[in-house]
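Structural overview for review
So you can see what is in the structure, the chains are spelled out below.
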Amino acid sequence: MKKTCVLLINLGTPDSPKTSDVRKYLREFLNDPRVIDINPVGRYILVNGIIAPFRAPKSAKVYQQLWNMWGGKSPLLTYGEKLRELVQQKLAAQNVTVEFAMRYQNPSLDSVLERIQKEQYDRIVIFPLFPHNASSTSGSAIEKAVNIISSWWVVPEIKIIAEYFNHPSYINAFVDRAKQYNVKDYDHVLFSYHGLPERHIEKSHPGLTCAQCNCDKAFNDEQPLCYRNECYETSRLIADKLNIAKDHFTIVFQSRLGKTPWLKPYADQEVEKLAKSGAKKLLVFSPAFIADCLETSIEIGVEYQHLFTENGGEKVQLVESLNDSPLWVDTVCELAMKV
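Notes on the structure follow. (Residues numbered from 1 in each chain as written. Predicted model: local features only at pLDDT ≥ 70, side-chain atom pairs only at ≥ 80, totals over all residues. Heavy atoms only, no water.)

Here we come to the overall build of the protein. A tally of helices and strands in the protein yields 11 helices and eight strands. Put simply, the protein has 339 residues, and 55% of those count as buried. Across the protein, the fraction of contacts at a sequence separation of at least 24, relative to all contacts at a separation of at least 6, is 76%. Accessible surface for the protein amounts to roughly 15600 Å². Of this, 52% is attributable to carbon and sulfur atoms. (Helix = DSSP H or I, 4+ residues; strand = E, 2+ residues; numbered from the N terminus. Buried < 20%, exposed > 50% of the residue type's maximum accessible area, 1.4 Å probe, protein only. Contact = heavy atoms within 4.5 Å. Areas by Shrake-Rupley, 256 points an atom, 1.4 Å probe, with all protein chains shown as cover.)

Here it is, written out as structure tokens:
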């Protein structure tokens, strides 16, 4: 039996809600060329001269709000560590060690992979905790992990879990999270995904613009690695399992930044539109996030709730992320150990 290490990787979180820590996190995150894909000099000036200095104090207040909601800790880090522990318990008998790292900040990929190197594993399973393929998430995490491992004198066998947006166990795990809510009690259902600039999507299928794609109608087998294509398919699969009618749900994209075109429809605009049309109760899924975080707890749970009531609505109910739920733990084990 091969001595195996499963390396779970999530995006990252500041070490604390202090402005200095948030600024440090933003600088590392936004200076990644896979995140802000512009001229390196322009990116450096934009991030270090404008975004990090001016955005950090405001973001620090939001992170403090998030920390307060989750017992003084980062939920992304808390659930990452819990997931590692639970998966470890299930795989220990198979000569498997499970590690957890963040692409940005701590626990860093550099430090965790340094520990992994010393153990001389036969095989390493790189497992980004992003169900959908995107250069700025799974692409960045995989690139850095592979670059570090490839610099070792002895390079072990590497297996990469690049995506699982349509894996039945992943879909069932989100369906199970929704069972505590009666979908029929809600006027509309939103599937909200983290947005990306349209140019990121179009780089995954050169020569074909987002406006020319029909993945909002059906899964496009010719563009299987397109983030937008995968998001729509995940939504359809969950909706089908929960018997949500096509006219009762909408796929939206949140967290846009800057003035360039991002994936549409925009989540905040759709929330406002639904409230003004008379909707009183919304049920919101966020399947791109496998652990609750700022984007789910604050952006959807607080900011969209405020936007909805401000325009005549009553309740925005967030379906909790998979976090450390039993079905999600089983899914991670299944994907990690699949030959």
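Here we come to helix H6 (residues 168-178). At 3.6 residues per turn, the α-helix brings residues three or four places apart onto the same side. All of the buried residues in H6 are Ser-169, Tyr-170, Ile-171, Ala-173, Phe-174, Val-175 and Ala-178. Of the surrounding elements, those touching the buried residues of H6 are helix H8 (227-241), strand S7 (281-285) and helix H11 (326-337).

In total, this model carries 14 aromatic pairs according to the counting rule given. When the ring of Tyr-193 is compared with that of Phe-253, the centres are 6.2 Å apart and the planes differ by 40°; the resulting orientation is tilted. Highlighted residues: Tyr-193 in strand S5 (residues 188-194) and Phe-253 in strand S6 (residues 249-254), separated in sequence by 60 residues. The ring of Tyr-121 is capped by Lys-3, whose NZ or CZ atom sits 5.2 Å from the centre of that ring. (Phe/Tyr/Trp six-rings, centres within 6.5 Å; stacked < 30°, edge-to-face > 60°. Lys NZ or Arg CZ within 6 Å of the ring centre and 35° of its normal.)

Interhelical geometry of helix H2 (residues 40-69) versus helix H10 (residues 294-310) gives an angle of 100° and a closest axis separation of 10 Å. Between H2 and H10, the crossing angle belongs to the class labelled roughly perpendicular. Residues Val-62, Tyr-63, Gln-65, Leu-66 and Met-69 of H2 touch H10, and the partners they reach there are Leu-294, Ser-297, Ile-298 and Val-302. Partitioning the contact of H2 with H10 into residue classes produces seven nonpolar, two polar and no charged. (Axes fitted to C-alpha atoms, helices over the stretch in contact; angles between N-to-C directions. Parallel < 35°, antiparallel > 145°, perpendicular 65-115°, else oblique. Nonpolar A, V, L, I, M, F, W, Y, C, P; charged D, E, K, R; others polar.)

For Ser-138, the position within the fold is in helix H5 (residues 135-150). A distance of 3.2 Å separates the side chain of Ser-138 from the backbone oxygen of Ala-134, its partner in a polar contact. Ignoring any residue separated from it by four or fewer positions in sequence, one finds Ser-138 in contact with Pro-128, Phe-130, His-132, Asn-133 and Ala-162. (Polar contact = N/O pair within 3.5 Å; in protein donor to acceptor, adjacent residues only side chain to side chain.)

Take the environment of Asn-166 next. Structurally, the position occupied by Asn-166 is in the loop between strand S4 (157-160) and H6. The exposure class assigned to Asn-166 is partly exposed, which follows from its relative accessible area of 39%. Asn-166 has contacts with Ile-171 and Leu-237, leaving out every residue within four places of it along the chain.

Applying the stated criterion across every chain yields a total of 14 salt bridges. A salt bridge links Arg-115 to Glu-99; the nearest nitrogen and oxygen atoms lie 2.8 Å apart. Linking Arg-115 in helix H4 (residues 109-119) with Glu-99 in strand S2 (residues 96-104), this pair joins segments that are 16 residues apart in sequence. Note that Glu-198 is salt-bridged to Lys-264, the shortest N-O span being 3.8 Å. Remark: Lys-264 occurs in the loop between S6 and helix H9 (267-276) and Glu-198 occurs in helix H7 (residues 198-203); sequence separation between them is 66 residues. (Salt bridge = Lys/Arg side-chain N within 4 Å of Asp/Glu carboxyl O.)

Next up on the list: a nonpolar patch on the surface. Together, Val-41, Tyr-44 and Ile-45 give the surface a local cluster of nonpolar side chains, amounting to about 340 Å² of exposed area. For Tyr-44, the location among the structural elements is in helix H2. Judged by relative accessible area, Tyr-44 falls into the exposed class, the value being 54%. (Patch = residues over 30% accessible without salt bridge, like charges linked within 9 Å, V, L, I, M, F, W, Y side chains within 5 Å.)

With that settled, the discussion passes to the nonpolar core. General note: in soluble globular proteins, nonpolar side chains tend to be found buried as a group. Grouped together as the largest cluster of nonpolar side chains are 59 residues, with contacts concentrated most on Leu-8, Phe-127, Leu-129, Phe-191, Tyr-227, Phe-285 and Trp-328. Excluding residues that lie within four positions of it along the chain, Phe-127 makes contacts with Val-6, Leu-7, Leu-8, Ile-9, Ile-161, Tyr-164, Val-332, Leu-335 and Ala-336. Ile-36, Tyr-121, Ile-124 and Ile-149 belong to the second-largest nonpolar core, a separate cluster that totals 37 residues. (Core = buried A, V, L, I, M, F, W, Y, C linked by side-chain atoms within 4.5 Å.)

Ordered in space as S6-S5-S7-S8, the four strands form an open sheet in which the pairing is parallel. Bordering the open sheet on either side are S6 and strand S8 (315-318), each of which pairs with just one other strand. Here the strands of the sheet are splayed against their neighbours by 30° on average, with no regard to which way each runs. Inspection of the sheet shows S5 paired to S6 by six bridges, in the parallel sense. The residue of S6 that forms the bridge with Leu-190 is Thr-250. (Pairing = 2+ DSSP bridges.)

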